[in-house]
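# Per-entry structural report
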Amino acid sequence: MILLKNIKELLTLESAYKKDGRHLTKDDLSLLKDVSLIHDEKKILWIGKDIPSKYSNFSKTIDCSNLVITPELVDSHTHIVFGGDRSFEYSLRIDGADYEDIAKAGGGILNTMNATNNSSKEELFKLACERVERLHSYGVGTIEIKSGYGLNFDKEYELSHIINDVKKKYSPSIQIINTYMAAHAIPKKYSNGKEYIDDVVIPLMKKLNDEGIIDVVDIFHEDGYFSYDDTEYLFKEAQALGLSVKSHADEFKDNDGAALACQYKALSTDHLLRTSDKGIQALANSDTVACLLPGTGFFLGKPQADAKKFFNAGVKVAIGSDYNPGSCHWDNLLMIASISATTYGMNMAQLWSAITLNASHALGLKNQGAIVTGLAPRFSFFNCPSIDHITYHWGRNFSISQ
Ligand SMILES: [Zn+2]
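Residues numbered from 1 in each chain as written. Predicted model: local features only at pLDDT ≥ 70, side-chain atom pairs only at ≥ 80, totals over all residues.

It is worth spelling out the overall build of the protein chain at this point. Helix and strand counts for the protein chain stand at 16 helices and 15 strands. In terms of overall size, the protein chain behaves like a compact globule, its C-alpha atoms giving a radius of gyration of 21 Å where 402 residues would be expected to give roughly 21 Å. Considered along the principal axes of its C-alpha atoms, the protein chain spans approximately 70 × 45 × 40 Å. Going through the 402 residues of the protein chain one by one, you find that 50% of them count as buried. Restricting to contacts in the protein chain with at least 6 residues of sequence separation, those with at least 24 account for 71%. (Helix = DSSP H or I, 4+ residues; strand = E, 2+ residues; numbered from the N terminus. Rg over C-alpha atoms; globule rule 2.2 N^0.38 Å. Buried ≥ 20, exposed ≤ 12 C-beta atoms within 10 Å, placed from the backbone. Contact = placed C-beta atoms within 7 Å.)

Pasting the structure below:
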């Protein structure tokens, strides 16, 4: 048993947890001051002021009188395993280049696909570890990682194994969710999405599932990528194997992606810049989390999702970093969420739930995301005067590991 003693501020999100992360008001933050907490390896056992006598013989006692403790930060959307970088593309964009200019100059996802295919397994593993450690340094303890820059059978097989190796290396202090996303783009040799899904995505998904190393299946459901029918087809195949699904949807235009994800009980559907009122209503009536990715809008200088509509409808909203080499080379989830609060019009309970409670649910992790007895003891620790300071200092890192 471990005792966290005299915690300066403990953000429990108990009220948000009871409300399933929806319709949150500022009063749902559930902040406790000067309390202690006892947990074992699996569960939070007790929270309060005076430690009951039945709890003693702690294996570790941590003085938390200078610390703010929150539910563990969760980044539920990253593309961390990639080779190369696209810094030249970012500069070109700032200098006024459009999508076509960038493609002509050798930018875009094909650039990362080539760089990834030209990198060895060892190089990609090392880069992924560096990125995971940097995210963790900001206080993020659960990280979803998507494959998807190989776009052929052998390299995608390797990428899913790299994620599995990263998972094994850091477990249990960092929890990795291995998301299979070979359906990230359609390679040039295929004339449509279905051909590629049949040739590579489904056979490889079955092989990786037999090996027991993938947790979730994701697909890029957008015009020019995978269609509504492709997405539904892959959802059915994945679910027949007992795998959970999620999607990238409604980013470029509304393609009924959110509604389709809800129909198939997806853990989350992500981006959602153009989701119709019908899609938002489907989300509100479902357990599927809407994962918004504001970093991408800031990075590309593009519009943002209409977050207020999601919040007002009672949708469970998470925020992810979307850390990737092309459209959001920004790995600091807490900074992204802090900046988004004013843009999205989020209150503090919505902001914190978006990167803890609802982000956990976006990964199917229902036993974490709040600090309530019985839930898993996954926390983030910050050495600062109060919870307000964490989001007030944009980009300053107060996180410490214990
Ligand atoms: Zn993404």
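The 8 strands lie next to each other as β6-β7-β8-β9-β10-β11-β12-β13, forming an open sheet whose pairing is parallel. On the outer flanks of this sheet lie β6 (73–75) and β13 (317–319), each paired with one strand and no other. With strand direction ignored, the average angle separating the axes of adjacent strands in the sheet is 25 degrees. Pairing between β6 and strand β7 (residues 140–146): 3 bridges, direction parallel. What sits directly across from D75, in β7, is I143. Together, β6 and β7 form the strand contacts of helix α5 (residues 121–137), whose direction differs from that of β7 by roughly 145 degrees. (Pairing = 2+ DSSP bridges. Axes fitted to C-alpha atoms, helices over the stretch in contact; angles between N-to-C directions.)

It is the contact of helix α6 (residues 153–170) with helix α7 (residues 193–211), at a shortest axis distance of 10 Å, that shows an interaxial angle of 35 degrees. Seen from above, α6 lies across α7 with right-handed handedness. Contact residues: F153, E156, Y157 and S160 in α6; V200, L204 and L208 in α7. Considering only residue class, the contact of α6 with α7 consists of 5 nonpolar, 1 polar and 1 charged. (Left-handed = near helix turned anticlockwise from the far one by under 90°. Nonpolar A, V, L, I, M, F, W, Y, C, P; charged D, E, K, R; others polar.)

If you check which residues of helix α4 (residues 109–117) are buried, you get I109, N111, T112, M113 and T116. Tucked inside the fold, the buried residues of α4 contact α5 and α6.

As a packed pair, α7 and helix α8 (residues 228–240) sit with axes 11 Å apart at the nearest point and diverge in direction by 20 degrees. By the angle class used here, α7 and α8 are roughly parallel. The handedness of the crossing between α7 and α8 comes out as right-handed. In contact with G193, K194, I197, V201, I202 and M205 of α7, α8 contributes D230, Y233, L234, E237 and A238. Taken together, the residues that form the contact of α7 with α8 break down as 7 nonpolar, 1 polar and 3 charged. (Parallel < 35°, antiparallel > 145°, perpendicular 65-115°, else oblique.)

A few words on the nonpolar core. By size, the foremost hydrophobic cluster in this structure holds 115 residues, and its most contacted members are V81 and I355. In terms of residue count, α7 provides more of this core than any other element does, 7 residues in total. Mapping this core onto the domain boundaries places at least three of its residues in each of domain 1 (2–71 + 369–400) and domain 2 (73–361). (Core = buried A, V, L, I, M, F, W, Y, C linked by C-beta atoms within 7 Å. Domains from an automatic or database assignment.)

This part is about the pairing of β7. Among the 7 residues of β7, 7 are classified as buried, and the element is accordingly described as predominantly covered. One ladder, built from 5 bridges, connects β7 with strand β8 (residues 175–183); its direction is parallel. Across the sheet, the residue bridging to I143 is I176, located in β8.

Right, let's get into unusual backbone geometry. Going from S171 to P172, the amide bond is cis rather than trans, its omega being 0 degrees. One non-glycine residue, N6, adopts positive backbone phi at about 50 degrees. As for its position among the elements, N6 is in strand β1 (residues 2–11). The exposure class of N6 is partly exposed, given the 15 C-beta atoms found within 10 Å. We note that D34 has phi near 50 degrees; this positive angle belongs to a residue other than glycine.

Okay, helix α10 (residues 277–284) next. What α10 keeps buried is the set G279, I280, A282 and L283. Down the axis of α10, the buried set is contained in an arc of 160 degrees. They therefore lie on one face. Facing away from the buried side of α10 by over 90 degrees, the exposed positions are D277 and K278. Against α9 (257–263), β12 (289–292) and α12 (307–313) lie the buried residues of α10. (Arc of directions from axis to C-beta.)

For the rest of this paragraph, the subject is the environment of S56. Position of S56 relative to the elements: it lies in the loop between β3 (44–48) and β4 (60–63). Here the alpha-carbon distance between S56 and M1, two residues 55 residues apart in the chain, equals 8.3 Å.

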